[in-house]
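As a plain string of letters, each chain reads:
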Amino acid sequence: MGELKSSGKPFDISKREVWEAWEKVKGNKGAAGVDGCSIEDFELDLKNNLYRVWNRMSSGSYFPPPVRAVEIPKRHGGGTRILGVPTVGDRVAQTVVARRLEWRTEQVFHPDSYGYRPWRAPGDAVEVCKQRCWKRDWVIDLDIQKFFDTVAWDLVVKAVEANTDLSWVVLYVKRWLEAPVRQADGTTLVRDRGTP
């Protein structure tokens, strides 16, 4: 008594996890994906939309839709870079997986790692740099050119596998890596490396 019944699904993903992922996605705002569905549109049928994400993820039948390619200007220097915009539902699913990975990976990240981490912001990195500038008179700045466009999938999967024993996390990461990119002209680009 008092225990929640098993959903009978192959993957143990709770509806609460999906709800909490939705709250984070909603808080982050963001643009619509290839389906044209905004955060506000998604929320109009929230119960059914979240149920659909949960049902498909927990049953193993979740396949991400293509991401919408958006060209954005580079901050430093000329040119543009392509940003992949997932659908709102896909962002919810990605957040479910990211939160499961987060608790494990946060334990192994270097304390000076600030990118894409919870409770850390670029301003935190800048503050540490300011403090260290008074202690040392040298700086090392690294940037791997086109890293997200060229990273080998097997390396990403290997890193994920090293940080989880959940087969569904690995399954969905593989599917997201393989998700096609829908370009502005409507064509779909299938890739074999990089992240969408």
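Anyway, here's the lowdown on the structure attached to this text. Remember, it's a predicted structure, so these values are computed and weren't measured experimentally. (Residues numbered from 1 in each chain as written. Predicted model: local features only at pLDDT ≥ 70, side-chain atom pairs only at ≥ 80, totals over all residues. Heavy atoms only, no water.)

1. Considering the overall build of the protein chain
A tally of regular secondary structure across the protein chain gives eight helices and four strands. Starting at the N terminus and walking to the C terminus, you meet the elements of the protein chain as α-α-α-β-β-α-α-α-α-α-β-β. By its C-alpha atoms, the protein chain is 65 × 50 × 35 Å across when sized along the principal axes. The buried share of the protein chain, reckoned over its 196 residues, is 32%. Looking at the protein chain alone, contacts between residues at least 24 apart form 66% of all its contacts between residues at least 6 apart. (Helix = DSSP H or I, 4+ residues; strand = E, 2+ residues; numbered from the N terminus. Buried < 20%, exposed > 50% of the residue type's maximum accessible area, 1.4 Å probe, protein only. Contact = heavy atoms within 4.5 Å.)

2. Details of the sheet that holds strand S4 (residues 188–189)
With mixed pairing, the four strands of this open sheet are ordered in space as S2-S1-S3-S4. Of all strands in the sheet, those bounded by a partner on one side alone are strand S2 (80–85) and S4. Relative to strand S3 (residues 181–182), strand S1 (residues 67–73) runs parallel, the two being bridged by two bridges. The partner of Arg-68 across the bridge, within S3, is Arg-182. (Pairing = 2+ DSSP bridges.)

3. Let's talk about a nonpolar patch on the surface
A cluster of nonpolar side chains, namely Tyr-116, Ile-144, Phe-147 and Phe-148, defines an oily patch on the protein surface of about 520 Å² accessible area. Counting through the fold element by element, Phe-148 comes out in helix H6 (residues 147–150). (Patch = residues over 30% accessible without salt bridge, like charges linked within 9 Å, V, L, I, M, F, W, Y side chains within 5 Å. Areas by Shrake-Rupley, 256 points an atom, 1.4 Å probe, with all protein chains shown as cover. Salt bridge = Lys/Arg side-chain N within 4 Å of Asp/Glu carboxyl O.)

4. Some remarks on the environment of Asp-12
Checked against the element boundaries, Asp-12 lands in the segment before helix H1 (15–28). The sequence separation of Asp-12 and Trp-54 amounts to 42 residues, and the corresponding C-alpha distance is 10 Å. Sequence-distant contacts of Asp-12, defined by excluding residues within four places in its chain, comprise Glu-17, Arg-100 and Trp-168.

5. Here we look at the pairing of S1
Where S1 meets S2, six bridges bridge the pair, whose relative direction is antiparallel. Its bridge partner lying in S2, Val-70 is registered against Leu-83.

6. Overview of the pattern of salt bridges
Within the structure shown, the criterion is met by seven salt bridges. Of the charged contacts in the structure, one is a salt bridge between Arg-193 and Asp-192, with a shortest N-O distance of 3.2 Å. What makes Asp-192 exposed here is its relative accessible area of 51%. Bridged by salt links that share partners, the residues Arg-16, Glu-20 and Arg-99 form one connected network.

7. Quick look at the packing of aromatic side chains
Applying the stated criterion across every chain, the model contains seven aromatic pairs. With centroids separated by 5.5 Å and ring planes inclined at 50 degrees, the aromatic side chains of Tyr-51 and Trp-54 adopt a geometry described as tilted. Here the residue Tyr-51 and the residue Trp-54 both occupy positions in helix H3 (residues 46–59), the gap between them amounting to three residues, near one helical turn. What links up through ring pairs into an aromatic cluster is the set Phe-11, Tyr-62, Tyr-172 and Trp-176. (Phe/Tyr/Trp six-rings, centres within 6.5 Å; stacked < 30°, edge-to-face > 60°.)

8. Quick word on unusual backbone geometry
Its identity as a non-glycine residue notwithstanding, Lys-29 has a phi of 65 degrees, on the positive side. Tracing the backbone through its elements, the reader meets Lys-29 in the loop between H1 and helix H2 (39–44). A residue is classified by how much of its surface remains accessible, and Lys-29, at 60% relative accessible area, is exposed. Of note, the phi angle at Trp-119 is positive, near 60 degrees, even though the residue is not glycine. Position of Trp-119 relative to the elements: it lies in the loop between helix H4 (88–105) and helix H5 (122–133). Among the residues examined, Trp-119 registers a relative accessible area of 77% and is labelled exposed.

9. Focus: helix H8 (residues 167–178)
A rise of 1.5 Å per residue sets the reference length of H8, with its twelve residues, at 16 Å; its end C-alpha atoms lie 17 Å apart and thus fit the reference within 8%. Turning to H8, its buried residues number three or more, namely Trp-168, Val-169, Val-170, Tyr-172, Val-173, Arg-175, Trp-176 and Leu-177. Contacts made by the buried residues of H8 are with H3, H4 and helix H7 (153–161). (Expected span 1.5 Å × (residues − 1).)

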